[in-house]
Structure formats: C-alpha cells, structure tokens
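What follows is each chain in one-letter form.
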Amino acid sequence: MTHCSVRAATAADRGLLARATLENLNWNGPRFTMREVEENPRLRHYYDGWPGGDDLGLVAEDAEGVVVGVVWLRFFTAEDPGYGFVADTVPELSIWVLAERRGAGIGGLLLCRVVDAARSRGVAAISLSVEDGNPAARLYARHGFRPAPDGAQGCLLEL
Ligand SMILES: CC(C)(COP(=O)(O)OP(=O)(O)OC[C@H]1O[C@@H](n2cnc3c(N)ncnc32)[C@H](O)[C@@H]1OP(=O)(O)O)[C@@H](O)C(=O)NCCC(=O)NCCS
C-alpha cells in the first residue's frame, strides 16, 4: 500500500464529505447530482452540519498531501434517521476512497482506525448501510460488520 497519513476530519472538510456522499450514492453509476443531494434532507444530513456532538472522522492523505479517502461517523436520531439507523447511541459510518486509489488498502486502514477511535471513546457499536451488490460489503464483513438484528436496516459492528 502507498504511504498515507491520517488526520482528524473537521467541519472544514464539508466539501470533501459532500463529494464522498455523492460518490457513495452513485457507487453503481450516476443516480444523483450534487444539487439533488444538497436539496434532499435525507441525503444532505450525512454531511451538513457535521460534526455534531460526538461525531468523529478521519481523512487519509498521500505523501503529497492529496486527500485520498475519508471515513466519518454521524449520530442520527429516530426522528431523522440515516439509511443504516439502528439507535441514537449507534453512529452510522460512511467511507469513501478516491476512485483511482481504490483496492490498495486505504479503505481498510481508515476502517480500522475509526473503529479504534470509536472504541476508545466508549462507543458500543457502529452501523452502516450498504446496497446489495456493492463490493464494499465484503470489506465490511471482513471487519466484523453483520446484518443488524431485529429487522433493522443496515449492518452492525459491536465494539
Ligand atoms: C468501499 C471503499 C471505501 C473501500 O476502500 P478501498 O481503499 O477500495 O478498500 P481496500 O483496498 O482497503 O479493500 C478492498 C475492498 O474494498 C472493496 N472494494 C474494492 N474496490 C471497490 C470499489 N471500486 N467499490 C467498492 N468497493 C470496493 C472490496 O470489498 C475489496 O475487497 P475484495 O478485494 O475482497 O473485493 C472504496 O472502494 C470506495 O470508495 N468505493 C466506492 C464508494 C462506495 O461504495 N462506498 C461505500 C458505500 S456503502
């Protein structure tokens, strides 16, 4: 794997999180425009106003300082749930890697690091939503995510 450094994501990374949200929604081809994401509260809330409360995230940069990936957690509520919502104590994970850098271990690195960070803050579980057919599901399964119990949507990793 090429060398990457990892730093904390901040509110100043809003544009990065917006791009990542759009590209994640379009993982299997163009379905949404940035404008549609910005205008849809159920999509925009993945990045708008992030970080709130206990949200946390990490940005991977290559040796030249180019951003190559990002992972972030957001706590949603039953009144305003994400697609992988399980409980308001369980943050939902989003992850994205620059297209030309995928498959080189960056996503796995970010996943490990954010799980460690969440665990050290006392977070009990992390959820996520992944659509059928997305190869990312294999990555999540390798890192211990399992289908959420009790008919809830999404996948769950107990920490
Ligand atoms: C999912 C993603 C973050 C993984 O990052 P990565 O750096 O490619 O991951 P790694 O190299 O650490 O691990 C490779 C694994 O990632 C997944 N992966 C690899 N290329 C991928 C791609 N183009 N799209 C989706 N997942 C991919 C596979 O599970 C792969 O494991 P496999 O080789 O057993 O199939 C990244 O591929 C990506 O941004 N994909 C497009 C957007 C997306 O689907 N995001 C997740 C929405 S739920």
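Just above sits the structure.
First things first, this report covers the structure right here in the doc. (Residues numbered from 1 in each chain as written. Predicted model: local features only at pLDDT ≥ 70, side-chain atom pairs only at ≥ 80, totals over all residues. Heavy atoms only, no water.)

1. Regarding the nonpolar core
Item 1. Counting 41 residues, the largest nonpolar core has V70, L93 and F145 as its most contacted members.
Item 2. Those elements that place two or more of their residues in this core are α1 (14-25), β2 (56-62), β3 (67-74), β4 (92-97), α4 (106-120), β5 (125-128), α5 (136-142) and β7 (155-158).
Item 3. Discounting chain neighbours no more than four positions away, the residues touching L93 are V71, W72, L73, L111, V114, I126, S127, L128 and F145. (Core = buried A, V, L, I, M, F, W, Y, C linked by side-chain atoms within 4.5 Å. Buried < 20%, exposed > 50% of the residue type's maximum accessible area, 1.4 Å probe, protein only. Helix = DSSP H or I, 4+ residues; strand = E, 2+ residues; numbered from the N terminus. Contact = heavy atoms within 4.5 Å.)

2. A short note on the packing of aromatic side chains
Item 1. Throughout the structure, instances matching the rule amount to two aromatic pairs.
Item 2. Each ring, one from Y140 and one from F145, has its centre 6.0 Å from the other, and the planes form 65°; the classification is edge-to-face. The pair formed by Y140 and F145 is uniform in burial state, with each residue classed as buried.
Item 3. Lying over the aromatic face of Y83, R42 brings its terminal NZ or CZ to 4.5 Å of the ring centre. (Phe/Tyr/Trp six-rings, centres within 6.5 Å; stacked < 30°, edge-to-face > 60°. Lys NZ or Arg CZ within 6 Å of the ring centre and 35° of its normal.)

3. With respect to the layout of surface pockets
Item 1. In this structure, the largest pocket spans a volume of roughly 1100 Å³.
Item 2. If you trace the largest pocket, you find 35 residues lining it, with N24, I95, N134, A136 and Y140 closest to the centre.
Item 3. Taken together, the elements giving at least two residues each to the lining of the largest pocket come down to α1, β4, α4 and α5.
Item 4. A total of six residues in the lining of the largest pocket trace back to one element, the largest contributor, which is β4.
Item 5. Residues belonging to the lining of the largest pocket are distributed by class as follows: 18 nonpolar, nine polar and eight charged. (1 Å grid on protein atoms, 1.4 Å probe; cavity = no way out; pocket = protein on both sides within 12 Å on 5 of 7 lines; lining within 4 Å. Points joined across faces, edges and corners; volume = space filled by probe spheres on them. Nonpolar A, V, L, I, M, F, W, Y, C, P; charged D, E, K, R; others polar.)

4. Points about the site of the ligand
Item 1. The environment of the ligand is formed by 21 residues, the closest being G103, G105, G108, P135 and R138.
Item 2. Within the contact set of the ligand, an oxygen atom lies 3.2 Å away from a side-chain nitrogen or oxygen of R102.
Item 3. One of the side-chain N or O atoms of N134 is found 3.0 Å from an oxygen atom in the ligand.
Item 4. With the chains in place, 79% of the 830 Å² that the ligand exposes on its own is no longer accessible.
Item 5. The site holding the ligand turns out to be the largest pocket.
Item 6. Where the shell around the ligand is concerned, the elements lending two or more residues are β4, α4 and α5.
Item 7. Here the shell around the ligand gets five residues from one element, more than from any other, and that element is α5.
Item 8. Across the shell around the ligand, the residue classes break down as 11 nonpolar, seven polar and three charged. (Near = heavy atom within 4 Å. Polar contact = N/O pair within 3.5 Å; in protein donor to acceptor, adjacent residues only side chain to side chain. Areas by Shrake-Rupley, 256 points an atom, 1.4 Å probe, with all protein chains shown as cover. Sits in = over half its atoms within 2 Å of the grid points.)

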